Amino acid sequence: MKKGDGGQQEVLKTRPIISARERGPGPGRYALPPTVGYMNHDFTKPSSPAYSLHSRMSSAMVSVDSSPGPKYHIDARVTRFGRMETPSYSILGRGRRTENNRGLVFQTPGPGAYSPEKAPPVNAQLRTPSYTISSRTRYRSVDPVPAPNTYSLPNLLGRQAPNKPSSASYSFSGRRKVGGPSEDLSKSPGPARYGRTNPDVYHQRQPSFSIQKRTKRPNYSPATPGPGSYSPEKFHLHLPKPPSFSLGVRHSEFVMPLVVDVVD
């Protein structure tokens, strides 16, 4: 019973206590000791080393500690045995000007400025022979000596040179109509003049097929069922039927199960 502001009493509905509805707290209700850090650490678990971050130093510490940080750079070529490096070279700068020619730069001659082939032999050195191209001679243009292409050698094909061996030569003659191999003396007909007998007359006749002409479209609409109209999975007359299941309704979790057989 509860009394209201106007003096009226309100009746509160009370429901019966169901033990199955009373459930215990979940996993979040239990407070296990932490496994991180060292404060209240779980003594049943091994603990790893813990580190903390230092706070930011004040600006006054700069004047107190002014040592440089890890900014030193040690060359990789410097080892504990000394300096280890390969020989290095640099490009030489522009040369100085000579005293005689103040306005000109000293010009070092390159390899192409020398001509060793023009130097005289030294210490009896051997030199390769050298040749020059001479000019046209005076009497060469009126030389009466014939050139090689002036001579014409005899043809060696056939029996034209009596003092030279020659190979066998053949000639093609024309076609002869009388007395030749193409003359038909018997005047007999050839194989193409005879008619061919059908092989089905004296052999077993093979089956023959023909292409049927296009049929006409039917004017009526027959109600012939298609492949999708059949359900062979529902036919279990001569095939084993697999188990089938259905979804039932939701039952209350507080319903008492039906006990039929009671074992003493």
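Residues numbered from 1 in each chain as written. Predicted model: local features only at pLDDT ≥ 70, side-chain atom pairs only at ≥ 80, totals over all residues. Heavy atoms only, no water.

K.L.:
Give a description of the overall build of the protein chain that names residues and reports values.
P.N.:
Scanning the protein chain from terminus to terminus reveals one helix and four strands. Here the protein chain holds 264 residues, and the buried ones make up 2% of them. Sequence separation of at least 24 residues holds for 9% of the intrachain contacts in the protein chain that already meet a minimum separation of 6. Working note: accessible area of the protein chain is about 30000 Å², and carbon and sulfur atoms make up 56% of it. (Helix = DSSP H or I, 4+ residues; strand = E, 2+ residues; numbered from the N terminus. Buried < 20%, exposed > 50% of the residue type's maximum accessible area, 1.4 Å probe, protein only. Contact = heavy atoms within 4.5 Å. Areas by Shrake-Rupley, 256 points an atom, 1.4 Å probe, with all protein chains shown as cover.)

K.L.:
Please provide a residue-by-residue account of the side chain of histidine 41, values included.
P.N.:
If you trace the backbone, histidine 41 turns up in the loop between strand 2 (9-10) and helix 1 (60-64). Looking at histidine 41, the relative accessible area reads 16%, which means it is buried. Setting aside residues up to four positions removed in sequence, histidine 41 forms contacts with Pro34, Thr35, Val36, Pro46 and Ser47.

K.L.:
An account of the pattern of salt bridges is requested, with residue identities and associated values reported.
P.N.:
Within this structure, the stated rule accounts for four salt bridges. As a salt-bridge pair, aspartate 75 and arginine 77 come within 3.1 Å of each other at their nearest N and O atoms. Here aspartate 75 ties to arginine 83 by a salt bridge, and the two come within 3.7 Å at their closest N and O atoms. Arginine 83 gets classed as partly exposed once you look at its relative accessible area, which sits at 48%. Each member of the salt-bridge network shares a partner with another, and the members are Asp75, Arg77, Arg83 and Glu85. (Salt bridge = Lys/Arg side-chain N within 4 Å of Asp/Glu carboxyl O.)

K.L.:
Give me unusual backbone geometry: which residues, what numbers.
P.N.:
Phi angles above zero are rare outside glycine, and asparagine 40 is one such case at about 55°. Given the relative accessible area of 65%, asparagine 40 is considered exposed.

K.L.:
Go over the side chain of aspartate 42, please, and point to the residues and values.
P.N.:
In this structure, aspartate 42 sits in the loop between strand 2 and helix 1. The side chain of aspartate 42 sits in the buried core without any salt bridge; lysine 45 is the nearest counter-charge, 5.6 Å away. For aspartate 42, the side chain forms a polar contact with the side chain of threonine 44, separated by 2.9 Å. For aspartate 42, the residues in contact, after removing those within four places along its chain, are Pro33, Pro34 and Thr35. (Lys, Arg positive; Asp, Glu negative; His and termini not counted. Polar contact = N/O pair within 3.5 Å; in protein donor to acceptor, adjacent residues only side chain to side chain.)

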